[in-house]
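Observations on chain architecture
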Amino acid sequence: MNYKMKFKTKITSLLLAVMTAVTFSSFGQDKAVKEDPRMAGFKGKIAKSFADSKEDWPERKKAPAGAPNIMIILLDDVGFAQLGCNGGLIATPNLNKLADNGLNYTNFHTTALCSPSRAALMAGRNHHSIGLGSHALTAMGFPGYNGMIPESAASGAKMLQENGYTNYALGKWDHTPLWEVTGSGPFNGWPSAEGFDHYYGFMTADIHNFVPVMYNDHWPTNPAVGKPDYNINNDMADRAIYWLTAHQSISPNKPFMMFHATATLHAPHHASQKYLDMYKGKFDMGWDAAREQILKNQIEKGIQKPGTKLAELPKEIESWKNIPADKRKMYARQMEAAAAALTEADNEIGRIIATLERTGQLENTLIFVTSDNGSSGEGGLEGSHNEMKVLNGIGLTAYEENKKFYDQWGTTETDNHYHAGWAAAGNTPYKYFKQTVHNGGMTDGLIVHWPKGIKAKGEIRTQFHHLIDIIPTIMDVSGVGFQEEVDGVKQMPFDGVSMKYTFDDVKAPTNHPVQYFEQLGSRAIVDHEWKAVALHGGRLPWIIGGTFDFEKDDWELYNLSNDPTETKNLAKSNPAKLEELKKKFDEEAWKYNVYPLYDDLAFRLKNVTDRIHPPTEKLFTYFAPGAEFIAEAAGPPVKNRNHTITATMETDGQTDGVITASGGYFSGYSLYVKNNIVTYGYNYYDEKYFSIKASKPLTAGKHEVKVIYEAIAGATPQAPIGKVTLYVDGVQVGEGTIDNVVLGKYSISEPFDVGVDNGGSVIRKEYTAPFKFSDNLDKVVFELKD
Ligand SMILES: [Ca+2]
Ligand SMILES: [Ca+2]
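Treat the numbers as computed from the prediction; the structure is a model and nothing was measured.

The next point concerns the sheet that holds strand S21 (residues 657-664). Reading across the sheet, the 6 strands line up as S19-S28-S21-S22-S23-S24 and stay open at both edges, with antiparallel pairing between neighbours. Both outer strands of the open sheet, strand S19 (630-631) and strand S24 (688-693), are each paired with one neighbouring strand and no more.

This part is about the UniProt feature "domain: Sulfatase N-terminal" (unreviewed entry) in the protein chain. Mapped onto the present numbering, the UniProt feature "domain: Sulfatase N-terminal" (unreviewed entry) falls on residues 68-480. Summarising residues 68-480: 31% helix, 14% strand, and an end-to-end C-alpha distance of 11 Å.

Note on the calcium ion (ligand 2): its protein donors are Gly663 (O), Glu750 (OE), Asp757 (OD), Asn758 (O) and Gly760 (O). The metal-donor distances range over 2.2 to 2.5 Å. Sequence spacing among the residues donating to the calcium ion (ligand 2) works out to G-x86-E-x6-D-N-x1-G. Note on accessibility: Asn758 and Gly760 belong to one class, buried.

Turning our eyes to something else, we now look at the coordination of the calcium ion (ligand 1). The expected angle between donors at a tetrahedral four-coordinate metal is 109.5 degrees. At an octahedral six-coordinate metal it is 90 or 180 degrees. Only Asp76 (OD), Asp77 (OD), Cys114 (SG), Asp372 (OD), Asp372 (OD) and Asn373 (OD1) from the protein reach the calcium ion (ligand 1) as donors, at distances of 2.1 to 2.7 Å. Because the angles between the 6 donor atoms bound to the calcium ion (ligand 1) fall within 52 to 157°, the donor set is best described as irregular. Overall, the relative accessible area of 1% leaves Asp77 in the buried class.

Before going further, it helps to examine the pairing of strand S9 (residues 443-449). When you tally the buried positions in S9, you get 7 out of 7 residues, the bulk of the element. Here strand S2 (residues 103-109) pairs with S9 via 5 bridges, running antiparallel. Of the residues in S9, the one forming a bridge with Phe108 is Asp444. Taken together, the 4 bridges between strand S8 (residues 365-371) and S9 define a ladder with antiparallel strand orientation. Paired with Ile367 across the bridge in S9 is His449.

This part covers the pattern of salt bridges. Counting across every chain of the model gives 34 salt bridges. Here Lys389 ties to Glu687 by a salt bridge, and the two come within 2.7 Å at their closest N and O atoms. In this pair, Lys389 is assigned in helix H10 (residues 387-391) and Glu687 in the loop between strand S23 (677-684) and S24, connecting sequence segments 298 residues apart. Its relative accessible area of 24% is what places Glu687 among the partly exposed residues. Note that Glu783 is salt-bridged to Lys785, the shortest N-O span being 3.6 Å. A network of salt bridges, in which partner residues are shared, links Asp76, Arg118, Lys172, Asp174 and Asp372.

Time to look at unusual backbone geometry. Cis geometry marks the peptide bond from Thr428 to Pro429; its omega dihedral reads 5°. In this model, Ala624 is joined to Pro625 through a cis peptide bond whose omega is 5°. Checked against the element boundaries, Pro625 lands in the loop between strand S18 (619-623) and S19. Not every positive phi belongs to a glycine, and Asp174 is a case in point at roughly 60°. Residue position: Asp174 is located in the loop between strand S3 (166-172) and strand S4 (198-202). Given the relative accessible area of 2%, Asp174 is considered buried. You will see that Leu520, though not glycine, has its phi angle at about 50°, which is positive. Looking at where Leu520 falls in the secondary structure, it is placed in the loop between strand S14 (514-519) and strand S15 (522-527). For Leu520, a relative accessible area of 12% translates into the label buried.

Moving on to the side chain of Gln491. By the secondary structure assignment, Gln491 is in the loop between strand S13 (489-490) and helix H15 (500-504). Side-chain polar atoms of Gln491 contact the backbone nitrogen of Ala154, separated by 2.7 Å. For Gln491, the residues in contact, after removing those within four places along its chain, are Arg125, Glu151, Ser152, Ala153, Ala154, Met159, Phe482, Gln483, Glu484, Glu485 and Val486.

Turning our eyes to something else, we now look at the packing of aromatic side chains. Here a ring pair, both rings aromatic, is described through the centre-centre distance and the interplanar angle of the planes. Evaluation of the coordinates by the stated rule reveals 31 aromatic pairs. Through a chain of ring-to-ring contacts, the aromatic side chains of Tyr279, Phe283, Trp287, Trp320, Tyr331 and Trp422 assemble into a single cluster. When the ring centre of Tyr406 is taken as reference, the NZ or CZ atom of Lys329 above it lies at 4.6 Å. Over the face of the ring belonging to Tyr665 we find Arg764, whose NZ or CZ atom lies 4.2 Å from the ring centre.

Judged by nonpolar contacts, the single largest core of 96 residues is most densely connected at Phe259, Ile659 and Tyr680. Among the elements that make up this core, the one with the highest residue count is helix H14 (residues 470-478) (5 residues). Two domains each donate at least three residues to this core, and these are domain 2 (75-513) and domain 4 (613-784). With residues near it in sequence (within four places) discarded, Phe259 still touches Ile72, Leu74, Leu121, Met122, Tyr168, Ala169, Leu170, Lys172, Trp173 and Phe196. Among the nonpolar cores identified, the runner-up in size contains 75 residues, and Tyr168, Phe202, Ala271 and Leu362 belong to it.

Moving on: the environment of Glu401. Secondary-structure assignment places Glu401 in helix H11 (residues 399-403). The spacing of Glu401 and Thr648 is 247 residues in sequence and 40 Å in space, taken between C-alpha atoms. Apart from residues no more than four positions distant in its own chain, Glu401 is found in contact with His385 and Glu687.

Contact geometry of helix H6 (residues 232-250) with helix H9 (residues 325-358) gives a least axis separation of 9 Å together with a crossing angle of 10°. Taken together, the axes of H6 and H9 lie roughly parallel to each other. Residues Asn233, Asn234, Ala237, Asp238, Ala240, Ile241, Leu244 and Thr245 of H6 pack against Ala341, Ala345, Glu348, Arg351, Ile352, Thr355, Leu356 and Arg358 of H9. Grouping the constituent residues of the contact of H6 with H9 by class yields 8 nonpolar, 4 polar and 4 charged.

This next bit is on the packing of helix H3 (residues 93-100) against H9. Running from N to C, H3 and H9 point in directions that differ by 50°, and their axes come no closer than 7 Å. If you check the angle between H3 and H9, you find them oblique. Counting all contacts with H3, which are made through Pro93, Asn94, Leu95 and Leu98, the residues of H9 involved are Asp346, Asn347, Ile349, Gly350 and Ile353. Tallied by class, the residues present in the contact of H3 with H9 amount to 5 nonpolar, 3 polar and 1 charged.

Structurally, the position occupied by His247 is in helix H6. For His247, a relative accessible area of 3% gives the class buried. The sequence separation of His247 and Thr359 amounts to 112 residues, and the corresponding C-alpha distance is 9.9 Å. Each residue touching His247, except ones within four places of it in the same chain, is listed here: Thr166, Tyr168, Pro252, Lys254, Pro255 and Phe256.

Rules of the game
Residues numbered from 1 in each chain as written. Chains lettered and ligands numbered in written order. Predicted model: local features only at pLDDT ≥ 70, side-chain atom pairs only at ≥ 80, totals over all residues. Heavy atoms only, no water. Pairing = 2+ DSSP bridges. Helix = DSSP H or I, 4+ residues; strand = E, 2+ residues; numbered from the N terminus. UniProt positions renumbered as here; feature names shortened; annotations may be inferred. Donors = N, O, S within 2.8 Å, 3.2 Å for Na, K, Ca; no water. Buried < 20%, exposed > 50% of the residue type's maximum accessible area, 1.4 Å probe, protein only. Tetrahedral: all angles 85-135°; square planar, octahedral: opposite > 155°, others 65-115°. Salt bridge = Lys/Arg side-chain N within 4 Å of Asp/Glu carboxyl O. Polar contact = N/O pair within 3.5 Å; in protein donor to acceptor, adjacent residues only side chain to side chain. Contact = heavy atoms within 4.5 Å. Phe/Tyr/Trp six-rings, centres within 6.5 Å; stacked < 30°, edge-to-face > 60°. Lys NZ or Arg CZ within 6 Å of the ring centre and 35° of its normal. Core = buried A, V, L, I, M, F, W, Y, C linked by side-chain atoms within 4.5 Å. Domains from an automatic or database assignment. Axes fitted to C-alpha atoms, helices over the stretch in contact; angles between N-to-C directions. Parallel < 35°, antiparallel > 145°, perpendicular 65-115°, else oblique. Nonpolar A, V, L, I, M, F, W, Y, C, P; charged D, E, K, R; others polar.

Below, the structure written as C-alpha cells:
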C-alpha cells in the first residue's frame, strides 16, 4: 500500500467514525434514526444507560369512548312471518322481547340467498360489488361472481378490530369458496381475515345439527363425539356465553362485536325431542289457514295495513283442502319440526341475551336480529327426508319414502326439509321464496335493540332498508366511521347507508330509496314506491337446472305503497314506468358488477369443480393422518367415473376403521375395515345401501388394498351403475354392483377424509364416526381412468 492509498483509507475511516458518533449521540432525534421503523412513534429518549433514557410506550388503538358492543344475530332461511313479532305462528319469545324493547323494521331486505347476504352484510356493500353475486359454489371468472372479496372491500368487523374492538364470530359462515376451506388455506376468506379474533362454527351452507363438523378458529373438530345429546344451538350458545363472560372479565373496558349466525332454520330442520313434542298437532290447520291467521295477526300488530291482500300462491302449491289426509299429516309433521328448531334456537339465543344482562352489557349492546333470505321453498312440492335429493335435482321425494321417516322427522335420522307451502306461509303475506327477488324472497324481519341508544320501545319502522346498511349504521353509531384505508389498501365506499336517523324518527323518509336485486337471474329494482321485478325463466326454487333467455323474461311492475304483496301487476297499464325502471336496473347493474347474467347452474357448478381439479388432473395422493376435513368439492372427483383407490398400510392383526370416506348419513362412499374385513360401502340418499366385502380377513403385516370402480351405463343417463372390484395384495377378494349412484353432491357439509370419517358416518349401521383407522395407514391414492 503506498502513502496516498494509506492516507485515503485513514480519511475514510475517520469519516465513518464521525458519522457513527453523530448517529449514536442523537439516537431518537436525527433523521436517519427517525426513519428506523423500530423507532416509529417513540417519543422517549434512548441513552446508553437506563437512568439517562426516558420510557415511552406505544398505545394500542382504543375504541371511541362509550362505543357500544355490537351483536348481530343472523338467522338462516327464516321468513319474514316466521318471527313471532311479525305475527308468525312459531314461538320466539326471546326475539319478541327484543322487538318489544327495541325497534321492529318491517321494510328490510336481503339478497335472497345465504352466501351473498352474509358477504354483503359484513362488507356493507352490494354482493356483486364484492364478488359474491351468487354462491361461491357457482362462481364464474368475473368480478361480480368470482367468490373472492377484494381487499378494497374490508369488512366492518375488520374496521372495528383496527379501532379497538374484539370480535367473535359463531356459526354459519358460508361465503368462503369451499376449496379454500382446507387446513392449508388460503385463509383470506375466513373469519380471521375478515376481522374476527375468534371463530367457532361451520364454513358450509348448512350442517347436521347433531353431528356437525365445526371449526375452532382454523382447527376442525367433531364436537358431538361421545355426546349423545349434542345440539349445535346449545353448543354455539355455550361458546358465545363463554366468550362474553371471558371478555367482560378480562377486558371490561373494551367493546366487542359478536356475529352469531345460527344453523336454524336452514334445512335440515333438526330439534331436540322436547321441542318436537311441543308442536305436535299445531300445524294441522295447513298452510292456507296459517297464512290467513298470520296476516290477521300482522294487521292487528300494525305490521300490515288493513285490507292488505295475501300474495297469490304459485299454482303448483296445492290448496290444503284438496290434499288427502295422510299427506296432510306428513306435511304438518314437516312444519312441526321446523317450528321446533326455531323455538329451540330462540331459547338458546335467550341464554346469550341473559348473559349480556348478567354481565351488565345489555344496556349498551346494539343488537341486530335478521335473516339472510326469505323462507326456503327448496324442499319442493313434497318436502324431503333428505334435502340432497331436491338439491341434486332428482325430483320429488316420493310420499312413501318420506312416510318411512315420519316418526324420526327432525331427529338425527333425517336431513329434512318442508313442503314449499310452508315456506309460502313463512313469507306471509309476500310472494315466492328464497332465491327469488319478489318480496317473499328478499324481505326479512329486522329487530334492533339498544336501550342506551334508542329511546323508542316496541315501535315499528317502515323505512326501506337493506342488509348492507347494518355495517354503515354500526360505523356511524360507534364513532369508528368509515375507514378510507385498511392494511394499506384504499377502500371502496360502502354501498349501504346508516340507519341511525330512523332510531328516533318514525316519519323520516328512507335514505335508501333505490336498490337493485339480482339472484340466480331473477332481477328487481326498487325506486321509491315503485318496483319492477322479473322471475327469471319463471323458475321457482324446486326447479333445478335449465337455462332461459334473459330477454324473454316477463317484467312485472308494482306500486309498493299500496301493493306491498305484489298482487296488481301494472306492467301493461304503465309501460312507461316499467321501461324507466328497467333502464334504472341496467344502470345499477353496470355500476355494481351484476353483468354478465348467466343461469346454467349445472355448467357453473362444473365450471367451479373443473377449476379446482382440471380434467387433466388424474392422480391424487393423500397421506395419513393429515388428509381429512377436505370439502367434498375439493376431494377427488370420482363420481360416476372410472377410478381406482389404492391404500397402503401396515396392520397388526386386529384392524378397524375408515381408510377413506366422503359424505355422511345421507349419501356417500366409505372404504373401511371392520373386524379385519375390508368393505366398500355406498350410501344412496339413506334409502339404499350397497356393500362389497372382502371374502377373507386382513392378516398382520404390510398390505395394499385396492378398489377398481367402473362406471357403467344404466337404463338412462341419469341412472348409471357402478361396478366395484376389491383386491388385497393383488388378489381379488370381492366384487359387486352399486345399482343407484349419486350424481350431484353427497352432502352440503360432510367432508372427504382419509383414515377417518368425520362428521356423520357414511355407513351408519356398520360403524359410528369418526371410526379412525386403528393401524398404520400410509397413503391412499386415487387415480382417475377416464
Ligand atoms: Ca339462508
Ligand atoms: Ca362423514
